[in-house]
Amino acid sequence: MDRRDFLHAAAAAPLLGALDRQARDRGGAAPDWAGLRRRLAGTLVLPGDARYGTARRLFNPVYDTVRPRGVAYCAAAADVSRCLAFVREHRLPVTARSGGHSYPGWSTGTGLVVDVSRMDAVRYRDGRATIGAGAKLIDVYAKLARHGVSIPAGTCPTVGLSGLALGGGIGVMSRMYGLTCDMMESVDIVTADGRLLTCDERRHPDLFWACRGGGGGNFGVAVSFTFRTHPARDLHVFFLSWPWSTAAATVRAWQAWAPGAPDELWSSLALSRGAGGPEVRLSGVHLGGRAVLDRLLGSLVARAGRPSSRSVTRTSHLEAMKVMGGCSSLSVAQCHPAPHGRLGRAVYVAKSHLAYRPLPPDGVRALVAGVARPGRHMVMLDALGGAVARVRPDATAFPHRAALFSVQYNADGRDRTWLRRVHADLAPHLGDHAYVNYADPDLTSWRTAYYGANAARLAQVKTAYDPARVFRLPQGF
């Protein structure tokens, strides 16, 4: 142990001592954190270390009060195996973390956080991309763009690939190319017993199936993925806004238009309220000619009414992803969290629905009235259909293939009162379908909400690969 490690261990000792005494009182050996640190090729950060305050943070500051006993920045799969052996030996809680964007904060915990963010390599060859589990979406897009290809993924630039892909992966190009998990050809995952397994259609096919929509942190710690890629062609990015007085008409028009549009068109309708009052805004991308897009938008306007503003821009695939991710004015390097980048953290709470049928008139009125209430909040309707709908509900663990669009509710700060009320108001019209990547701690029927008829098979996979329940999510099998 060098001088720095000695000082770190000395500083951490008072903070860990009470918990270690509890372990001895239960008849077990106190965890040898210094020994784990020596065995890792990566970095173990403990309470008292100078880096601990940063290491324990998630994207959402709401969870800054959670204090894990250690955060292991794993350099390779072997480090993950060593961490899992450590938590099994000492019966410690363990949490896998990629980007740290879990809505309910389940990217951290009171035990050992196994962080895979350093496993972030992105490699391309012969139409396939091999991507480390910790790669951030902005880097995936940027590095694959050098080869003229991409994969369908999400919008937030700092999201880690692993959590997105394991939960399905709804994104901007989903209607054209499918979910992120639909392009997955294999996954390397360290299971609860420390084995590194390569899973695909032939090798461990049941675990591979579960890793395509079964949620992160349930079955093991993913360390690498291989995906088929698609050409990264130029896109038209468009934005339209309407007066709030036309909000109900716009929702009715959009939900009749967007899910059945050609695969080349994806759109998101956002109803929001901020300091300037309520707003209605449509954003989207189109893979095709301007004349075709103009006709498609014209058909929407004919139903919704004339927009108050309209913008259409042709740009590269990478720049389009930056626009959708809210960092179009920044370089790729700047589209990362501070201090290395220029993106900040965000305090929010969220819920979701998946709409299997259009909102009826009463549902539209409930949505518009809910957004109009005082506060800072947003409801986003993201179009599905297209390639997503052409996969059987049981072909992957993601079951919501027939959904027309996803519904995401976001409230600024900690306004769970508004969030729960608007979610409850829409539930009679949308049912209890939800997206596991927008995990909701309030759900009691989460098994069927997230996984539908696939829940029973997922429980079987859990029993086969983690019989001792080493991985214990609050909403985990």
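As the structure is a computational prediction, the values presented were derived from the model and not from experiment.

Caption draft 1: Seen up close, the overall build of the protein chain. Helix and strand counts for the protein chain stand at 15 helices and 18 strands. On C-alpha atoms alone, the protein chain measures out to a radius of gyration of 23 Å, which is about the 23 Å that the 2.2 N^0.38 rule sets for 477 residues. Taking the principal axes of the C-alpha coordinates as reference, the protein chain spans close to 70 × 50 × 45 Å. Taking all 477 residues of the protein chain together, the buried fraction comes to 57%. Summing over all exposed atoms, the protein chain offers an accessible surface of approximately 19100 Å²; the carbon and sulfur share of this is 52%. Between the averaged position of the 60 positive side-chain charges in the protein chain and that of its 36 negative side-chain charges there is a distance of 2 Å.

Caption draft 2: Quick peek at the packing of helix 12 (residues 361-372) against helix 13 (residues 416-430). Across the interface, helix 12 lies against helix 13 with an axial gap of 9 Å and an inter-helix angle of 170°. Taken as axis vectors, helix 12 and helix 13 run roughly antiparallel relative to one another. Taken together, the residues of helix 13 that come into contact with helix 12 (itself represented by Asp-362, Gly-363, Ala-366, Leu-367 and Gly-370) are Trp-418, Val-422, Asp-425, Leu-426 and His-429. Its residues placed into classes, the contact of helix 12 with helix 13 shows five nonpolar, three polar and two charged.

Caption draft 3: The arrangement of the sheet that holds strand 8 (residues 184-190) in detail. Across the sheet, which stays open at both edges, the five strands sit in the order 5-6-10-8-9 with antiparallel pairing between neighbours. Edge positions in the sheet fall to strand 5 (122-125) and strand 9 (196-199), since each of these pairs with one other strand and no more. Sheet twist, expressed as the mean angle between neighbouring strand axes with direction ignored, is 15°. Note that strand 8 and strand 9 share four bridges and pair antiparallel. The partner of Asp-188 across the bridge, within strand 9, is Thr-198. Lying on the sheet, helix 5 (residues 137-145) is in contact with strand 5 and strand 6 (128-132); it crosses strand 5 at an angle near 35°.

Caption draft 4: The pairing of strand 2 (residues 70-73), seen in detail. With burial as the criterion, each face of strand 2 is covered, one bearing Gly-70 and Ala-72 and the other bearing Val-71 and Tyr-73. By the bridge criterion, three bridges tie strand 1 (residues 43-45) to strand 2 in an arrangement that is antiparallel. Note that in strand 2 the partner of Thr-43 across the bridge is Tyr-73. Direction of pairing for strand 2 relative to strand 4 (residues 112-115): parallel, over a ladder of four bridges. Paired with Gly-70 across the two strands is Leu-112, which belongs to strand 4.

Caption draft 5: Structural context of the side chain of His-336. Mapped onto the elements of the fold, His-336 is located in the loop between helix 11 (317-324) and strand 16 (348-355). Under the relative-accessibility criterion, His-336 is labelled buried at 15%. A distance of 3.2 Å separates a polar side-chain atom of His-336 from the backbone oxygen of Ala-333. Among residues more than four places away in sequence, those in contact with His-336 are Ile-138, Asp-139, Thr-158, Gly-341, Arg-342 and Leu-343.

Caption draft 6: Local environment of the packing of helix 9 (residues 247-257) against helix 10 (residues 290-304). Close contact between helix 9 and helix 10 brings their axes to 8 Å; oriented N to C, the two are set at 140°. Comparing the axis directions of helix 9 and helix 10 gives the class oblique. Both helix 9 and helix 10 take part in a crossing whose hand is right-handed. Touching Ala-249, Thr-250, Ala-253, Trp-254, Ala-256 and Trp-257 of helix 9 are Leu-296, Leu-297, Ser-299, Leu-300, Arg-303 and Ala-304, all from helix 10. A per-class count over the contact of helix 9 with helix 10 returns nine nonpolar, two polar and one charged.

Here is what the cut-offs are and how they apply
Residues numbered from 1 in each chain as written. Predicted model: local features only at pLDDT ≥ 70, side-chain atom pairs only at ≥ 80, totals over all residues. Heavy atoms only, no water. Helix = DSSP H or I, 4+ residues; strand = E, 2+ residues; numbered from the N terminus. Rg over C-alpha atoms; globule rule 2.2 N^0.38 Å. Buried < 20%, exposed > 50% of the residue type's maximum accessible area, 1.4 Å probe, protein only. Areas by Shrake-Rupley, 256 points an atom, 1.4 Å probe, with all protein chains shown as cover. Lys, Arg positive; Asp, Glu negative; His and termini not counted. Charge placed at Lys NZ, Arg CZ, Asp CG, Glu CD. Axes fitted to C-alpha atoms, helices over the stretch in contact; angles between N-to-C directions. Parallel < 35°, antiparallel > 145°, perpendicular 65-115°, else oblique. Contact = heavy atoms within 4.5 Å. Nonpolar A, V, L, I, M, F, W, Y, C, P; charged D, E, K, R; others polar. Pairing = 2+ DSSP bridges. Polar contact = N/O pair within 3.5 Å; in protein donor to acceptor, adjacent residues only side chain to side chain. Left-handed = near helix turned anticlockwise from the far one by under 90°.

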